[in-house]
Amino acid sequence: MMDGNIYYQGTVVEFKSLSNPGLGIQTCMLAQVHKEGWVFQIICIKGYHAGALEGLVREDPSLKGTHIAVTKEHLYSEIERNFGIIDFSTFRILH
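Asks: Looking at this model, I keep getting lost on the sheet that holds strand E4 (residues 25-32). Mind explaining?
Replies: The strand order E6-E5-E4-E3-E8 describes an open sheet built from 5 strands, whose pairing is antiparallel. The open sheet has two edge strands, strand E6 (53-58) and strand E8 (86-93), and neither has a second partner. Adjacent strand axes in the sheet meet at a mean angle of 30° when their direction is disregarded. Contacting strand E3 (12-17), E4, strand E5 (38-46), E6 and E8, helix H1 (residues 72-83) crosses the sheet at an angle of about 140° to E6.

Asks: Help me understand the side chain of serine 17 in this model?
Replies: Relative to the assigned elements, serine 17 resides in strand E3. Reaching out from serine 17, the side chain makes a polar contact with the backbone nitrogen of asparagine 20 at a distance of 3.2 Å. Beyond its immediate sequence surroundings of up to four residues, serine 17 is in contact with Phe83, Ile85 and Ile86.

What counts as what
Along each chain, numbering runs from 1 in the same order as the chain's sequence is written. The predicted nature of this model means local features are confined to residues of pLDDT at least 70 and side-chain atom pairs, given and counted, to a pLDDT of 80 or more, with totals for whole chains, interfaces and linings taken over all residues. With hydrogens and water set aside, each side-chain value is computed from the structure's full complement of heavy atoms. Here a strand pair is declared whenever DSSP counts at least two bridges between the two strands. Secondary structure is summarised from DSSP: a helix means a run of H or I of at least four residues, a strand means a run of E of at least two, and numbering begins at the N terminus for each. With axes taken as lines fitted to C-alpha atoms, and helix axes fitted only over the stretch in contact, angles between N-to-C directions fall between 0 and 180 degrees. Two residues form a contact once any of their heavy atoms are found within 4.5 Å. Pairs of N or O atoms within 3.5 Å make up the polar contacts considered here, provided that, within protein, one atom can donate a hydrogen while the other can accept it, and that residues adjacent in sequence are counted only when both atoms are side-chain atoms.

Next comes the structure, spelled out in structure tokens:
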């Protein structure tokens, strides 16, 4: 789910990692997490690692006081932190 450039749990993203190109296109969902300092889990829902917890998204410092959303810029940086270098020409928000 998204609101302009703010993304919430349930957001589904698709991208290709240049760090591990053999994986092909990965499709992941931002899911709720109950861990201090973190706002989402990244769950792979399609592709080689479907069903796996692939990483965590830190709280967005530009959205102080909210633990339910991240900005587009923060989401980009957290995807790269978890998956390595991303081909952002393949990065899409599916919903």
